[in-house]
Amino acid sequence: KCAHLRLVCQAEQKPYYTSKLWWCGITFLGLGEVGNFTAYGFAPVTLVAPLGCVSVIGSAFISVFFLKKTMRTADILGGALTITGTYLLVTFAPIVPQEITARQVQNYLVSWPFLVYSILEIIIFCILLYFYKRKAVKHIVVLLMMVALLASLTVIAVKAVSSMIALSVKGKMQLTYSVFYVMSILMATSCAFQIKFLNQAMHLYEATAVVPINFVLSTSSAIISGVIFYREFQGAALLSVFMFLFGCLLSSLGVIIIARNKTEKHLQIPFIDCGHIPGQKLTGKIQPGSHSSCYGTLNKEDDSVKRQS
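Residues numbered from 1 in each chain as written. Predicted model: local features only at pLDDT ≥ 70, side-chain atom pairs only at ≥ 80, totals over all residues. Heavy atoms only, no water.

Asker: Please explain the overall build of the chain as it appears in this structure.
Answerer: For the chain, the count of helices and strands is 12 helices and three strands. Looking at the chain as a whole, 35% of its 309 residues qualify as buried. Taken as a whole, the chain presents about 19,600 Å² of accessible surface, with 68% of it coming from carbon and sulfur. (Helix = DSSP H or I, 4+ residues; strand = E, 2+ residues; numbered from the N terminus. Buried < 20%, exposed > 50% of the residue type's maximum accessible area, 1.4 Å probe, protein only. Areas by Shrake-Rupley, 256 points an atom, 1.4 Å probe, with all protein chains shown as cover.)

Next comes the structure, spelled out in structure tokens:
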């Protein structure tokens, strides 16, 4: 974002991919996703997925320095709630063995809880897809619900692939099993369709609405999939489960407060100065016509004709 803003202010417009700052941001973004992928191989799904709230806090506070945003009271409150929720997540996360072998993944895939969960998820997704395609219903909840349903499959596949790669690196070869490639294909396919629907939501709605709703829905579906597929809360104490869910609630509430819409100030002047539009050399004023809702340019000739009439 900072790179795009800098390029707009330059006299000579250049493509964004020529900016070193843009490539620096993309590199850090890629490294972050690699770290996120690796984390699934060493920590429970129910812990890694909610910790995505840290990126929202980081974006809110870093934007103050790089994008010169104003720090709001809501940002501080949301950050405090999210940090508190993160502490509860880490403290009360389920303690389960993280070395998931290929044989375990095969057994999980044919277990009856996951089969029932998969059938319900497919039915719900097909219903949402029907309304999206046939009825042209593109409500933000419909789009992000489909993203969340796909995210649950992505998380399951990422956890399996990451764990099998980690075990293979340690000397316990898992890459010879066909389930590794099945989960890799599932991971890539679900990610691709997630991007499709999420991109559609970003085109139709403001990011301040998409970010919190997507975080809450995707995190909830990831936690449910971790509980059902990997049985991460099996044998956990009721108090630990309650405190963990309370931490998720605080983190989600903090994200919503940080990403909520800001109040925009409306211009009090009835015209737009074209001289302030980047890349435009016009100096005239544009203002609404007196007898129509469209916009037009008033020049001296039109003004003189009106005076004579």
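Asker: So what exactly am I meant to see when it comes to the side chain of Ser251 here?
Answerer: Here Ser251 lies in helix H11 (residues 238-259). If near-sequence neighbours (up to four positions away) are discounted, Ser251 is found in contact with Cys53, Leu81, Thr82, Gly85, Thr86, Leu89 and Phe215. (Contact = heavy atoms within 4.5 Å.)

Asker: Before we go on, may I ask you to explain the packing of aromatic side chains in this structure?
Answerer: Given two aromatic rings, their pairing is described by the distance between the two centres and the angle made by the two planes. Within the structure shown, the criterion is met by 11 aromatic pairs. Ring centres 5.5 Å apart and planes at 80 degrees place the aromatic pair Tyr132 and Phe197 in the edge-to-face group. With Tyr132 in helix H7 (residues 112-133) and Phe197 in helix H9 (residues 178-204), the pair connects residues that are 65 residues apart, well separated along the chain. The exposure class assigned to Phe197 is buried, which follows from its relative accessible area of 2%. (Phe/Tyr/Trp six-rings, centres within 6.5 Å; stacked < 30°, edge-to-face > 60°.)

Asker: Can you help me understand unusual backbone geometry in this one?
Answerer: Excluding glycine, residues mostly have negative phi values, and the peptide bonds linking residues are mostly trans. One non-glycine residue, Ala136, lies in positive phi territory at about 55 degrees. Assignment of secondary structure puts Ala136 in the loop between H7 and helix H8 (140-169). Phi is positive for Arg231, close to 50 degrees, though the residue is something other than glycine. You can see Arg231 is positioned in the loop between helix H10 (207-229) and H11.

Asker: What exactly am I supposed to notice about helix H1 (residues 2-9) here?
Answerer: Helical periodicity: at 3.6 residues per turn, an α-helix aligns residues three or four positions apart in one direction. Burial in H1 covers these residues: Cys2, Ala3 and Leu7. Taken around the axis of H1, the buried residues stretch over an arc of 135 degrees, which confines them to a single face. Among the structural elements, helix H2 (20-39) and helix H4 (53-66) are those in contact with the buried residues of H1. (Arc of directions from axis to C-beta.)

Asker: In this structure, what is going on with the environment of Leu150? I would like to understand it.
Answerer: Mapped onto the elements, Leu150 comes out in helix H8. A C-alpha to C-alpha distance of 10.0 Å links Leu150 and Ile195, two positions 45 residues apart in sequence. Excluding its chain neighbours within four sequence positions, the residues that come into contact with Leu150 are Phe125, Ser190, Phe193, Gln194 and Phe197.

Asker: I would appreciate a short explanation of a nonpolar patch on the surface in the present structure.
Answerer: Taken together, the side chains of Tyr16, Tyr17, Trp23, Ile26 and Leu29 define a hydrophobic patch exposed on the protein surface, amounting to about 540 Å² of accessible area. Inspection of the secondary structure assignment puts Tyr16 in the loop between H1 and H2. On the basis of relative accessibility, which here comes to 40%, the residue Tyr16 falls in the partly exposed class. (Patch = residues over 30% accessible without salt bridge, like charges linked within 9 Å, V, L, I, M, F, W, Y side chains within 5 Å. Salt bridge = Lys/Arg side-chain N within 4 Å of Asp/Glu carboxyl O.)

Asker: Would you mind going over the nonpolar core with me for this structure?
Answerer: Proteins that are soluble and globular tend to have nonpolar side chains buried together. Residues Tyr40, Val105, Met183, Phe229, Tyr230 and Phe244 are the most contacted members of the largest nonpolar core, which totals 32 residues. At the level of secondary structure, the elements contributing two or more residues to this core comprise helix H3 (45-48), helix H6 (102-109), H7, H8, H9, H10 and H11. Considering each element in turn, this core owes the most residues, seven residues, to H8. If near-sequence neighbours (up to four positions away) are discounted, Phe229 is found in contact with Val105, Tyr108, Leu109, Phe114 and Ile156. Phe125, Ile140, Val147 and Phe197 belong to the second-largest nonpolar core, a separate cluster that totals 14 residues. (Core = buried A, V, L, I, M, F, W, Y, C linked by side-chain atoms within 4.5 Å.)

Asker: Please explain the side chain of Thr154 as it appears in this structure.
Answerer: Tracing the sequence through the fold places Thr154 in helix H8. Those residues in contact with Thr154, other than ones at most four positions away along the chain, are Ser190, Cys191 and Gln194.

Asker: Where do I start with the UniProt feature "transmembrane region" (unreviewed entry) in the chain in this structure?
Answerer: Mapped onto the present numbering, the UniProt feature "transmembrane region" (unreviewed entry) falls at residues 21-42, 48-67, 74-96, 108-132, 139-158, 178-198, 210-230 and 236-259. Helix makes up 92% of residues 236-259 and strand makes up 0%, while its end C-alpha atoms are separated by 33 Å. (UniProt positions renumbered as here; feature names shortened; annotations may be inferred.)

Asker: Which parts of the structure should I look at to understand the pattern of salt bridges?
Answerer: Pairing is possible between side chains that carry opposite charge, provided their charged atoms lie close to one another. Counted under the stated rule, the structure contains one salt bridge. In this structure, Asp75 engages Arg72 in a salt bridge whose closest nitrogen and oxygen atoms are separated by 2.9 Å.

Asker: Sorry, what's going on with H11 here?
Answerer: Along its 22 residues, H11 runs 32 Å from first to last C-alpha, staying within 8% of the 32 Å computed at 1.5 Å per residue. Every buried residue of H11 is accounted for by Met243, Phe244, Gly247, Cys248, Leu250, Ser251, Ser252, Gly254, Val255, Ile257, Ile258 and Ala259. Turning to H11, the residues buried within the fold contact H3, H4, helix H5 (73-92) and H10. (Expected span 1.5 Å × (residues − 1).)

Asker: How do you make sense of the packing of H7 against H8 when you look at a structure like this?
Answerer: The geometry of H7 relative to H8 is characterised by a closest axis approach of 10 Å and an angle of 150 degrees between their N-to-C directions. Classified by the angle their axes make, H7 and H8 are roughly antiparallel. Read as a crossing pair, H7 and H8 show a hand that is left-handed. Taking contact as the criterion, the partners of Phe114, Tyr117, Glu121, Ile124, Phe125, Leu128, Leu129 and Tyr132 in H7 are, on H8, Val142, Leu143, Met145, Met146, Leu149, Leu150, Ser152, Leu153 and Ile156. (Axes fitted to C-alpha atoms, helices over the stretch in contact; angles between N-to-C directions. Parallel < 35°, antiparallel > 145°, perpendicular 65-115°, else oblique. Left-handed = near helix turned anticlockwise from the far one by under 90°.)

Asker: Help me out: how do you make sense of the environment of Leu51 in this one?
Answerer: Looking at where Leu51 falls in the secondary structure, it is placed in the loop between H3 and H4. The exposure class assigned to Leu51 is partly exposed, which follows from its relative accessible area of 26%. Between the C-alpha atom of Leu51 and that of Thr219, which follows or precedes it by 168 residues, the distance is 9.1 Å. Excluding residues that lie within four positions of it along the chain, Leu51 makes contacts with Thr86, Leu89 and Val90.

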